[in-house]
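# Observations on chain architecture
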Amino acid sequence: MATQASKLSVSTRTEKGKGAARRARREGKVPAVLYGHGTDPQHLHLPARDFAAILRNNGLNAIIDLDIEGSSQLALTKQVDVHPIRNYIEHADLLIVRRGEKVTVEVAIVVEGDAAPGTLVVQDASVVEVEADALSIPEQIVVNVEDAEAGTSIHASDLDLPEGVTLTADPETLIVAVNEAQAVATESEATEGAEEEAAAEAPAESE
């Protein structure tokens, strides 16, 4: 859980458009927009390598202490757009936050442990929405399925949340289900058998 913001020196940008964004990325910068608390959106350039390092170390909900040409501003990483093929950061949206402020974010769910033999663990949700202090956002929420029996269902309301973190998602949201592995295999085999039977019954095409 983050307890302090990562510092990042950024610069303002005046040029907009795809051409300007491409030039910025060639220079090792990420175009970004900072907004929130009723302020006018501020267009920034983030140092790509340093920004990527912050995301690796703190997750996508990173809190950053921006040094905007000498002026300090806390911000939450709200959205990061990554190129689908070349895997570089194309753009980022940053939300202004204040110390002690509560924010609503999506936190990654990590499933740990081995369920009982003969079962299949199905993760139905990869993230869950919670509310937390801006400087105390958990990097992930762990769901332990150690020795869980078939038929076990874990919903959002069953999650073990850190102190000070509250659930804002629907409590009935299914997070993890533990099923019988044999039943799943039997269903698959039955489907394959039906397809083979249908193929055998189909009239042969005339040559």
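Whatever comes next refers back to the structure up there.
An account of the accompanying structure is given in this report. (Residues numbered from 1 in each chain as written. Predicted model: local features only at pLDDT ≥ 70, side-chain atom pairs only at ≥ 80, totals over all residues. Heavy atoms only, no water.)

### Considerations on helix H2 (residues 48-58)
Of the positions making up H2, those classed as buried are Phe51, Ala52, Ile54 and Leu55. All buried residues of H2 fall inside an arc of 155° around its axis, so they share one side. Facing away from the buried side of H2 by over 90 degrees, the exposed positions are Arg49, Arg56 and Asn57. (Buried < 20%, exposed > 50% of the residue type's maximum accessible area, 1.4 Å probe, protein only. Helix = DSSP H or I, 4+ residues; strand = E, 2+ residues; numbered from the N terminus. Arc of directions from axis to C-beta.)

### Structural notes on the layout of surface pockets
Of the pockets and cavities examined, the largest pocket occupies roughly 410 Å³. What lines the largest pocket is a set of 20 residues, and nearest its centre among them are Leu60, Asn61, Thr77, Glu106 and Val107. The set of elements that each furnish at least two residues to the lining of the largest pocket consists of strand E5 (71-82), strand E7 (102-112) and strand E9 (127-133). Approximately 150 Å³ is the volume attributed to the second largest pocket. When residues of the lining of the second largest pocket are traced back to their parent elements, those giving at least two are strand E2 (29-36) and H2. Of the residues that constitute the lining of the second largest pocket, the class distribution is six nonpolar, two polar and two charged. (1 Å grid on protein atoms, 1.4 Å probe; cavity = no way out; pocket = protein on both sides within 12 Å on 5 of 7 lines; lining within 4 Å. Points joined across faces, edges and corners; volume = space filled by probe spheres on them. Nonpolar A, V, L, I, M, F, W, Y, C, P; charged D, E, K, R; others polar.)

### Re the pattern of salt bridges
Tallied over the entire structure, the rule returns two salt bridges. Residue aspartate 65 pairs with lysine 7 through a salt bridge whose shortest N-O separation is 3.0 Å. Placement of the pair is aspartate 65 in strand E4 (residues 63-68) and lysine 7 in strand E1 (residues 6-12), with a sequence separation of 58 residues. For aspartate 65, a relative accessible area of 11% corresponds to the buried category. A salt bridge links glutamate 27 to lysine 29, with the nearest nitrogen and oxygen atoms 3.5 Å apart. On the basis of relative accessible area, lysine 29 is assigned to the partly exposed category, the value being 29%. (Salt bridge = Lys/Arg side-chain N within 4 Å of Asp/Glu carboxyl O.)

It is worth stressing that arrangement in space is one thing and function is another; only the former is reported here.
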